[in-house]
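Letter by letter, the chains look like this.
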Amino acid sequence: QVQLVESGGGLVQAGGSLRLSCAASGSIFSVNDMGWYRQAPGKQRELVAIITSGGSTNYADSVKGRFTISKDNAKNMVYLQMNSLKPEDTAVYYCKANIRMSLIFRPNDWWGQGTQVTVSP
């Protein structure tokens, strides 16, 4: 099994910053793409940012220039630095990783439990 655990969420005023972390652990042979998604109340879950195994990144238009995704391959961790936060960034943020547990298994997507980010006006 694989576990993803997010941390770093909280309450911040508009214009502030937060840094989210996600640690993958368990039976990990290799890690492919890792990403951050978010879901606001009454809305569908949406992609925020993704980073490939090669280090390429992609961002939602709404966060470009404000959020930065990065990873530490040695620690199987992914981070999301969020600057200039806006009230509309308020959501539960989820980490997702595409992980192969061994050579005999296909890679699968694994999700964390989510961490709440609340941005006050």
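Note that the structure is predicted; figures quoted are calculated from it, not measured.

*Asks:* Residues and numbers for the pairing of strand β11 (residues 115-120), please.
*Replies:* Of the two faces of β11, only one is covered, namely that formed by Thr115, Val117 and Val119; the face formed by Gln116, Thr118 and Ser120 stays uncovered. The pairing of strand β2 (residues 10-13) with β11 spans 4 bridges and is parallel. Each residue of the ladder has a partner; that of leucine 11, found in β11, is threonine 118. Summarising the sheet, strand β9 (residues 91-100) and β11 pair through 3 bridges and their orientation is antiparallel. Bridged to tyrosine 93 within β11 is threonine 115.

*Asks:* Describe in detail the nonpolar core, supporting the description with residues and values.
*Replies:* Judged by nonpolar contacts, the single largest core of 31 residues is most densely connected at Trp36, Leu80, Met82 and Tyr93. Where this core is concerned, the elements lending two or more residues are β1 (2-7), β3 (18-26), β4 (30-39), β5 (46-51), β7 (67-72), β8 (77-82), β9 and β11. The element best represented in this core is β9, accounting for 5 residues.

The rules behind the values
Residues numbered from 1 in each chain as written. Predicted model: local features only at pLDDT ≥ 70, side-chain atom pairs only at ≥ 80, totals over all residues. Heavy atoms only, no water. Buried < 20%, exposed > 50% of the residue type's maximum accessible area, 1.4 Å probe, protein only. Helix = DSSP H or I, 4+ residues; strand = E, 2+ residues; numbered from the N terminus. Pairing = 2+ DSSP bridges. Core = buried A, V, L, I, M, F, W, Y, C linked by side-chain atoms within 4.5 Å.

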